[in-house]
Amino acid sequence: MAEAERIPGFATLSIHAGAKPDPTTGARATPIYQTTSYVFDDVDHAAALFGLQTFGNIYTRIGNPTCAVLEERVAALEGGTAGLAVASGHAAQVLVLHTLMTSGDEFVASKKLYGGSINQFNHSFKNFGWNVVWADPDDISTFEKAITPKTKAIFIESIANPGGIVTDIEAIANIARKAGVPLIVDNTLATPYLCKPIDYGADVVVHSLTKFLGGHGNSIGGMIVDAGTFNWSRDKKYPMLSEPRPEYSGIVLHETFGNFAFAIACRVLGLRDLGPALSPFNAFLIITGIETLPLRMQRHSENALAVAEWLAKRPEVAWVSYPGLPSDKYHALAKKYAPKGAGALFTFGLKGGYDAGVKLVSNVKLFSHLANIGDTRSLIIHPASTTHKQLSDAQKVQAGAGPDVVRLSIGLEDKEDIIADLEQALGA
Ligand SMILES: *Cc1c(COP(=O)(O)O)cnc(C)c1O
């Protein structure tokens, strides 16, 4: 095969996609373009930029050259047509639904999601008139039953936070296809190294870059990836994409921008008006993190499997929920959707219940007791005494945060040291 025809592999894309030496200085790493605004060539150039007739930089709320490298890189890793970097994972979710929904519309969401997303959907989104209908990924038929004429999208996580749940993306994509609505997949926990939802029918992928893509616990960020697969004009359900835009001299975004119209709409309507732009400094840190994504995700998964296997044999431990374990309920789905490893995150139960959980998080030394995931460092939390403390016992159990549950995000330290820390803390 000729050199020019080679499709670069994942590790190569992680380092090179979207970036080239800076044309003015030769700088090899992507510079931080710490600037709000950009000089026009002349009045015609300015008019063309504002009319969306040409691509270019205007103002960093709408686009920035450092953020553009990050956008192209994540879109390449996911196999999408375009990306949009935003200030946080939650901002990405707001912009995606803002582009699809109007007040009174519905979307169907998996009830096994990151707790912050459940709050966002149940409370803030309801205030916008965007009504969530919950479905159960352990019973796929609940997604089909939840669809109504008002449904505008389906939202799931590939590997779901916190319990090590693997969602049957392909089965749910088929339901979305039949209903004529896009499937949105939050791929934060898996990252495109472990799972590429677009290969299984996702139309939009969202990320919290804060976690494994940045990977070092130092920057909040979010990303929207357009798969370029959805026909936004078919039944006029998505007027932002299929109707003329008065502020852009009547252009129709889907007509003008084709298979990356969704990413453009999120940028030139959502980001423009709602405003959650990513700082170029955070984009720089996240780009640097992504360069080692394949190495890190491999090690995260190897370490997590070793720790899960060790915990499963401990007398203090009642159960371990990690899809990488052959005995796990989600193991078959993990083998299909994340064959290279099941990621860093899992939960387990302590026979000693609430008090044993409090004792464990109080006695760890290497683990950090905090509410984050996806750091180089190993992290631990006992949801019942912290993030879920305000709930009743029954509500805690329903949320997967029963009194005995401990959540780990396994880091990149030596696995012997991670296990030794848990051993001393369990015995303390
Ligand atoms: C953290 C997280 C989010 C929210 O991302 P932020 O960057 O904190 O806004 C969304 N989904 C998942 C799965 C997450 O882990």
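- If you check an unreviewed UniProt entry, the chain appears there as O-acetylhomoserine aminocarboxypropyltransferase from Pseudolabrys taiwanensis.
- Recorded in UniProt under Cofactor (unreviewed entry), the annotation for the chain is "pyridoxal 5'-phosphate".
- Checking UniProt for the chain, the heading Sequence similarities (unreviewed entry) contains the comment "Belongs to the trans-sulfuration enzymes family."

**Regarding the overall build of the chain**
Part 1 of the argument: Within the chain, the secondary structure is distributed over 17 helices and 16 strands.
Part 2 of the argument: Its C-alpha atoms give the chain principal-axis dimensions of about 75 × 55 × 45 Å.
Part 3 of the argument: Relative to its 428 residues, the chain shows a buried fraction of 54%.
Part 4 of the argument: Expressed as a percentage of contacts within the chain between residues at least 6 apart in sequence, the contacts between residues at least 24 apart total 71%.
Part 5 of the argument: Across the chain, 37 positive and 42 negative side-chain charges occur, with their mean positions spaced 4 Å apart.

**Side note on the sheet that holds strand 14 (residues 368-369)**
Part 1 of the argument: Pairing in this open sheet of five strands is mixed, and the strands run 12-13-16-15-14 from one edge to the other. In this open sheet, the two strands that pair with only one neighbour each are strand 12 (317-321) and strand 14.
Part 2 of the argument: When strand 14 meets strand 15 (residues 379-381), the two strands line up parallel, connected through two bridges. Bridge pairing in strand 15 links Ser368 to Leu379.
Part 3 of the argument: In the packing of helix 13 (residues 293-312) onto the sheet, contacts are made with strand 12, strand 13 (345-350) and strand 16 (405-409), and the angle to strand 13 comes to roughly 10 degrees.

**Observations concerning the nonpolar core**
Part 1 of the argument: The biggest cluster of nonpolar side chains holds 96 residues, and the ones touching the most others in it are Leu70, Phe107, Ile154 and Ile224.
Part 2 of the argument: Top element by residues in this core is helix 11 (residues 261-274). It accounts for eight residues.
Part 3 of the argument: Apart from residues no more than four positions distant in its own chain, Ile224 is found in contact with Ala82, Gly83, Leu84, Ala92, Leu95, Val96, Val204, Val205, Val206, Phe262 and Cys266.
Part 4 of the argument: One finds Ala304, Leu311, Ala342 and Leu422 within the second-largest nonpolar core, a separate group that totals 26 residues.

**Quick word on helix 7 (residues 169-179)**
Part 1 of the argument: Every buried residue of helix 7 is listed here: Ile169, Ile172, Ala173, Ile175 and Ala176. The buried residues of helix 7 all sit within an arc of 160 degrees when viewed along its axis, so they share a single face. Facing away from the buried side of helix 7 by more than 90 degrees, the exposed set consists of Asn174 and Lys178.
Part 2 of the argument: Those residues of helix 7 that are buried are in contact with helix 6 (141-146), strand 4 (151-157), strand 7 (183-186) and helix 14 (331-337).
Part 3 of the argument: Count one or two residues on from helix 7 and you reach Gly180, which has phi positive near 70 degrees.

**A few points about the site of the ligand**
Part 1 of the argument: In the vicinity of the ligand, 15 residues are found, and the nearest of them are Gly89, Asp186, Ser208, Thr210 and Lys211.
Part 2 of the argument: In the environment of the ligand, an oxygen atom lies 2.9 Å from a nitrogen or oxygen atom belonging to the backbone of His90.
Part 3 of the argument: Lys211 places a polar side-chain atom, nitrogen or oxygen, 2.7 Å from an oxygen atom of the ligand.
Part 4 of the argument: Starting from 380 Å² of accessible surface for the ligand in isolation, the protein chains cover 93%.
Part 5 of the argument: Ranked by residue count, the leading element in the shell around the ligand is helix 4 (residues 89-100), at three residues.
Part 6 of the argument: Partitioned by chemical class, the residues of the shell around the ligand number three nonpolar, nine polar and three charged.

Reading the values: rules and limits
- Residues numbered from 1 in each chain as written.
- Predicted model: local features only at pLDDT ≥ 70, side-chain atom pairs only at ≥ 80, totals over all residues.
- Heavy atoms only, no water.
- UniProt positions renumbered as here; feature names shortened; annotations may be inferred.
- Helix = DSSP H or I, 4+ residues; strand = E, 2+ residues; numbered from the N terminus.
- Buried < 20%, exposed > 50% of the residue type's maximum accessible area, 1.4 Å probe, protein only.
- Contact = heavy atoms within 4.5 Å.
- Lys, Arg positive; Asp, Glu negative; His and termini not counted.
- Charge placed at Lys NZ, Arg CZ, Asp CG, Glu CD.
- Pairing = 2+ DSSP bridges.
- Axes fitted to C-alpha atoms, helices over the stretch in contact; angles between N-to-C directions.
- Core = buried A, V, L, I, M, F, W, Y, C linked by side-chain atoms within 4.5 Å.
- Arc of directions from axis to C-beta.
- Near = heavy atom within 4 Å.
- Polar contact = N/O pair within 3.5 Å; in protein donor to acceptor, adjacent residues only side chain to side chain.
- Areas by Shrake-Rupley, 256 points an atom, 1.4 Å probe, with all protein chains shown as cover.
- Nonpolar A, V, L, I, M, F, W, Y, C, P; charged D, E, K, R; others polar.

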